[in-house]
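# Working through the structure, step by step
Here is what each chain is made of, one letter per residue.
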Amino acid sequence: MNSIPEHLPKPGPGQEAARTAVSKKPSLWRQSLRRLLRNKLAMSGLVVVVFMFLACFLGPLFSPYADNKIQMSMMNKPPSWQHWLGTDKLGRDVLTRVLQAGRISLTVGLVSMVLSVFLGTLLGAIAGYYRGIVDQVIMRLADLLLTIPGLPLLFIAGALLSEWKVPTDYRMYIVMIMLSLVNWPGLARMIRGQMLSLREREFMQAAVVLGLRDRRKLIHHLLPNLVPLIIVIATLNIGGAILSESVLSFFGLGVMPPTPTWGNMIDAANNLIDFQQHPWLWIPPGLSIFATVIAINLFGDGLRDVLDPKTNR
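Residues numbered from 1 in each chain as written. Predicted model: local features only at pLDDT ≥ 70, side-chain atom pairs only at ≥ 80, totals over all residues. Heavy atoms only, no water.

To be explicit about the condition: UniProt positions are given in the numbering used here, feature names are shortened, and annotations may be inferred rather than shown by experiment.
An unreviewed UniProt entry lists the protein under the name Peptide/nickel transport system permease protein, with Paenibacillus barengoltzii J12 given as the organism. Under the Sequence similarities (unreviewed entry) heading, UniProt states for the protein: "Belongs to the binding-protein-dependent transport system permease family." In the Subcellular location (unreviewed entry) part of its UniProt record, the protein is described as follows: "Cell membrane".

Encoded structure:
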């Protein structure tokens, strides 16, 4: 059934070879994965990020000090075989506290990134696709938020939470929402710009001629072309969210003790005596923030080099 009719010319050897080469050519995603695997800095960052997630979420399960029991006789002990990173002012194991704090900091960064990416992608896609009054309303709101520096805005919101005496158990969730509301305008503007460009492509003109519904155009034709951009921005936003949460917690405006985060662990050791005589109280959480944010940014830069066609490789 697959044989070529006799009245048609048979393809030559060169045409057969070209057809075979095209059929064996790897997909775009597979090519991008291969280029990413060859990027040593990006892969090093990914290894560090995976290690931090596994250590923070699984490490406390195997620690005998996970209950954070207060032991005044063990307060401010230096690192030893029993406590690898020493103990804090209440005799709690610092290593276990750092891992438990990493759970909160990483969770806040990840969830706030998901919320901001969802909100920015949704509003940016709607503004770029429908344009008109919808575009004006969404973009003017985004411009208004972009004119206000993000960190002072977070400080004001955190101070309001303290003034209203919001319970500690709920502050973590409110901080996630705060970070997502601050981070979505920049993503929305980029998504809108890409959407305006994609609307003029030939495949979208063909979709209009075929009379496809707006929902199918958005979900099946436009959003898949935005996936590389969304992945890169989402990866880079995690590091920014972790850093913002740590700053808020350091100033006592984010997640509050007894819930540990890397930021409020550093804040608990911000006096001169601890800085000079008890470095194990502030160096481990500080290094954790530094290593995690740098690793995420390295991996995000590698993804951008691979997935962004405008980047010079």
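## Some points on the overall build of the protein
Our working definition: Only DSSP runs of H or I with at least four residues qualify as helices, and only runs of E with at least two residues qualify as strands; both kinds are numbered from the N terminus onward. Using a 1.4 Å probe on the protein chains alone, a residue whose accessible area is under 20% of its type maximum counts as buried, one over 50% counts as exposed, and one in between counts as partly exposed. Contact between two residues is taken to exist if any of their heavy atoms lie within 4.5 Å; hydrogens are not considered.
Broken down by element type, the protein carries twelve helices and zero strands. Secondary structure elements of the protein, listed N to C terminal, follow the sequence α-α-α-α-α-α-α-α-α-α-α-α. Within the protein, the proportion of its 313 residues that are buried is 37%. At a minimum sequence separation of 6, the contacts of the protein that also span at least 24 residues come to 69%.

## Quick notes on the packing of aromatic side chains
Formally: Aromatic rings from Phe, Tyr and Trp, with only the six-membered ring used for Trp, were paired whenever their centres fell within 6.5 Å, and each pair was classed as stacked if the ring planes differed by under 30 degrees, edge-to-face if by over 60, and tilted otherwise.
Tallied over the full model, the rule gives five aromatic pairs. Here F250 and F251 contribute two aromatic rings whose centre-to-centre distance is 5.2 Å and whose plane-to-plane angle is 85°, an arrangement assigned as edge-to-face. Exposure remark for F250: the relative accessible area of 30% places this residue in the partly exposed category. Put simply, the rings of F155, F250 and F251 pair up and form one aromatic cluster.

## Notes on the side chain of Q100
Note the following rule: Definition of a polar contact: a pair of N or O atoms within 3.5 Å, with one able to donate and the other able to accept a hydrogen when the atoms are protein atoms, and with sequence-neighbouring residues admitted only if both atoms are side-chain atoms.
Mapped onto the fold, Q100 is located in helix α4 (residues 94-130). In this structure the side chain of Q100 is engaged in a polar contact, spanning 2.9 Å, whose partner is the side chain of N68. The residues touching Q100, leaving out its near neighbours within four places in the chain, are P60, A66, N68 and P260.

## Notes on the nonpolar core
Worth spelling out the cut-off: By convention a nonpolar core is built from buried Ala, Val, Leu, Ile, Met, Phe, Trp, Tyr and Cys residues, the set being connected through side-chain atoms within 4.5 Å.
Formed by 35 residues in total, the largest nonpolar core has its most connected members in M195, L222, I242 and W262. Elements that contribute at least two residues to this core include exactly α3 (40-58), α4, α7 (168-199), α9 (214-250), α10 (262-267) and α12 (283-307). Take this core: its biggest share by element is nine residues, from α4. In this structure, L161, V175, L179 and A241 belong to the second largest nonpolar core, which totals 14 residues.

## Concerning the UniProt feature "transmembrane region" (unreviewed entry) in the protein
Per the UniProt annotation, the sites labelled "transmembrane region" (unreviewed entry) are residues 41-62, 104-129, 141-161, 173-191, 222-243 and 280-300. End C-alpha atoms of residues 104-129 are separated by 37 Å, and the span's content is 100% helix alongside 0% strand. The distance from the first to the last C-alpha atom of residues 173-191 is 26 Å, and the span holds 100% helix and 0% strand.

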